[in-house]
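The lines below spell out each chain.
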Amino acid sequence: MMKQVQLAKPGGLDNLLYVDAKVPKSKDYEVIVKVGASSLNYHDLLVAQGGIPTRDRRVPLSDCGGVIYQVGESVSKWKEGDSVI
């Protein structure tokens, strides 16, 4: 399990939820990043306020840094343990 910030529904920052979520499995050409630091920027604020259409339960994250936790089978440039921003 992991902690995740989700936007319950657009309408403002009060709709941000801090929840437990399953760690996803990376798809073929994806990496999963264990986030060590993040920020909400203006784009994320617009999403939270409904200024940019989105689905409910979106993870509002445009900027972050961390370590690659898992790589998909077809990923060749990155490996688990690589630092990313």
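An account of the accompanying structure is given in this report. Fair warning: this is a prediction, and the values are worked out from it, not measured in the lab. (Residues numbered from 1 in each chain as written. Predicted model: local features only at pLDDT ≥ 70, side-chain atom pairs only at ≥ 80, totals over all residues. Heavy atoms only, no water.)

## Re the overall build of the protein
- Tallying secondary structure elements over the protein gives one helix and five strands in all.
- Ordered by position in the sequence, the α and β elements of the protein form the string β-β-β-α-β-β.
- Expressed as a percentage of the 85 residues in the protein, the buried residues total 25%.
- Sequence-distant contacts in the protein: of pairs separated by 6 or more residues, those separated by 24 or more amount to 53%.
- A total accessible area of about 6,200 Å² is found for the protein, and carbon and sulfur atoms account for 53% of it.
- Side-chain charges of the protein comprise 11 positive and 10 negative groups, with the mean position of each set lying 3 Å from the other. (Helix = DSSP H or I, 4+ residues; strand = E, 2+ residues; numbered from the N terminus. Buried < 20%, exposed > 50% of the residue type's maximum accessible area, 1.4 Å probe, protein only. Contact = heavy atoms within 4.5 Å. Areas by Shrake-Rupley, 256 points an atom, 1.4 Å probe, with all protein chains shown as cover. Lys, Arg positive; Asp, Glu negative; His and termini not counted. Charge placed at Lys NZ, Arg CZ, Asp CG, Glu CD.)

## Some remarks on the environment of Asn-41
- Relative to the assigned elements, Asn-41 resides in the loop between β3 (31–39) and α1 (42–49).
- Once you skip the residues sitting within four places of it in the chain, Asn-41 turns out to touch Ser-62 and Asp-63.
- A polar side-chain atom of Asn-41 sits 2.8 Å from a polar atom in the side chain of Asp-63. (Polar contact = N/O pair within 3.5 Å; in protein donor to acceptor, adjacent residues only side chain to side chain.)

## Considering the side chain of Ser-26
- Among the secondary structure elements, Ser-26 is positioned in the loop between β2 (16–21) and β3.
- On the basis of relative accessibility, which here comes to 8%, the residue Ser-26 falls in the buried class.
- Within polar-contact distance, the side chain of Ser-26 engages the backbone nitrogen of Gly-72 at 3.3 Å.
- Filtering out sequence-adjacent residues up to four positions away, Ser-26 remains in contact with Ile-32, Gln-70, Val-71 and Gly-72.

## Structural notes on the pattern of salt bridges
- For the structure shown, the criterion picks out two salt bridges.
- Among the salt bridges present, the one from Lys-3 reaches Asp-20, with a minimum N-O distance of 2.8 Å. Residue Lys-3 is found in strand β1 (residues 2–7), and its partner Asp-20 is found in strand β2; the two are separated by 17 residues along the sequence.
- Accessibility expressed as a relative area gives 49% for Lys-3, which makes it partly exposed.
- Accessibility expressed as a relative area gives 52% for Asp-20, which makes it exposed.
- The salt bridge involving Asp-82 is made with Lys-79; its shortest N-O contact spans 2.9 Å.
- Here Asp-82 falls in the buried class, since its relative accessible area comes to 16%. (Salt bridge = Lys/Arg side-chain N within 4 Å of Asp/Glu carboxyl O.)

On their own, these measurements won't tell you what the molecule is for.
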